Amino acid sequence: MNITLEADYAVRIVEMLSHCVQRTDASHISAETQVPQRFALKILRKLVSADLVRSYRGACGGYELARAPGEITLRQVIEAIEGPFTISRCQDTDYCCTNNACKVHKIYHEISQLVREKMDTYTFACDETQEPTKKA
């Protein structure tokens, strides 16, 4: 199972912004993260909608994180792009499963919950090695 390319790019963008001390324009974000600019703009819109990134218009415009890097988790970024994390469509509220006796529903739920909890332990705060850090 893989996260989508869009979610991977979103993580790259947030990681890059976590190192910026000032607003950064989309062309610089695109170049630094190696994300095509049109795709970066689409992702940035989603991150702005999720209140993870702020956007500013005008000559001094650009993008910056909406919160401190240590307050943004890996899960928040991925779910801003993908929606709620689940490992199976049977966990989706819109999915209608006719097999009520299926015991894997509970297993899928447990696994998904463990992954969500683990992703919540990683933030974009940086330590000396400049990698995302685990929450204490």
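Residues numbered from 1 in each chain as written. Predicted model: local features only at pLDDT ≥ 70, side-chain atom pairs only at ≥ 80, totals over all residues. Heavy atoms only, no water.

Asker: Where do I start with the overall build of the protein chain in this structure?
Answerer: Within the protein chain, the secondary structure is distributed over five helices and four strands. In sequence order, the secondary structure elements of the protein chain are arranged as α-α-α-β-β-α-α-β-β. Counting the 136 residues in the protein chain, one finds 32% classified as buried. Contacts in the protein chain between residues at least 24 apart in sequence constitute 58% of all its contacts with a sequence separation of at least 6. By element, 50% of the accessible surface of the protein chain is carried by carbon and sulfur atoms, the whole surface being about 8800 Å². (Helix = DSSP H or I, 4+ residues; strand = E, 2+ residues; numbered from the N terminus. Buried < 20%, exposed > 50% of the residue type's maximum accessible area, 1.4 Å probe, protein only. Contact = heavy atoms within 4.5 Å. Areas by Shrake-Rupley, 256 points an atom, 1.4 Å probe, with all protein chains shown as cover.)

Asker: Can you walk me through the pairing of strand β1 (residues 53-56) in this structure?
Answerer: As paired strands, β1 and strand β2 (residues 62-65) are joined by four bridges and run antiparallel to one another. Its bridge partner lying in β2, Arg54 is registered against Glu64. The hairpin turn running from β1 into β2, its antiparallel successor, is five residues long, and Gly58 in that turn takes a positive phi close to 100 degrees. (Pairing = 2+ DSSP bridges.)

Asker: Quick question: what am I supposed to make of unusual backbone geometry here?
Answerer: Excluding glycine, residues mostly carry a negative phi; peptide bonds, for their part, are mostly trans. With phi around 60 degrees, Gln34 is a residue other than glycine that occupies positive phi space. Along the polypeptide, Gln34 turns up in the loop between α2 (26-33) and α3 (37-49). The residue Asp51 is not glycine, and still its phi comes out positive at about 60 degrees. Note that Asp51 resides in the loop between α3 and β1.

Asker: Would you take a moment to explain the packing of aromatic side chains for this structure?
Answerer: Aromatic ring pairs: the centre-centre distance and the angle between the two ring planes describe each pair. In the structure shown here, the tally under the stated rule is one aromatic pair. When the centroid spacing of 5.4 Å and the interplanar angle of 75 degrees are considered together, the rings of Tyr9 and Phe39 count as edge-to-face. Taken together, the positions of Tyr9 in helix α1 (residues 5-17) and Phe39 in helix α3 put the pair 30 residues apart, joining distant regions of the chain. Relative accessible area serves as the criterion here: at 23%, Phe39 is assigned to the partly exposed category. (Phe/Tyr/Trp six-rings, centres within 6.5 Å; stacked < 30°, edge-to-face > 60°.)

Read these as layout, nothing more, since geometry by itself doesn't imply function.
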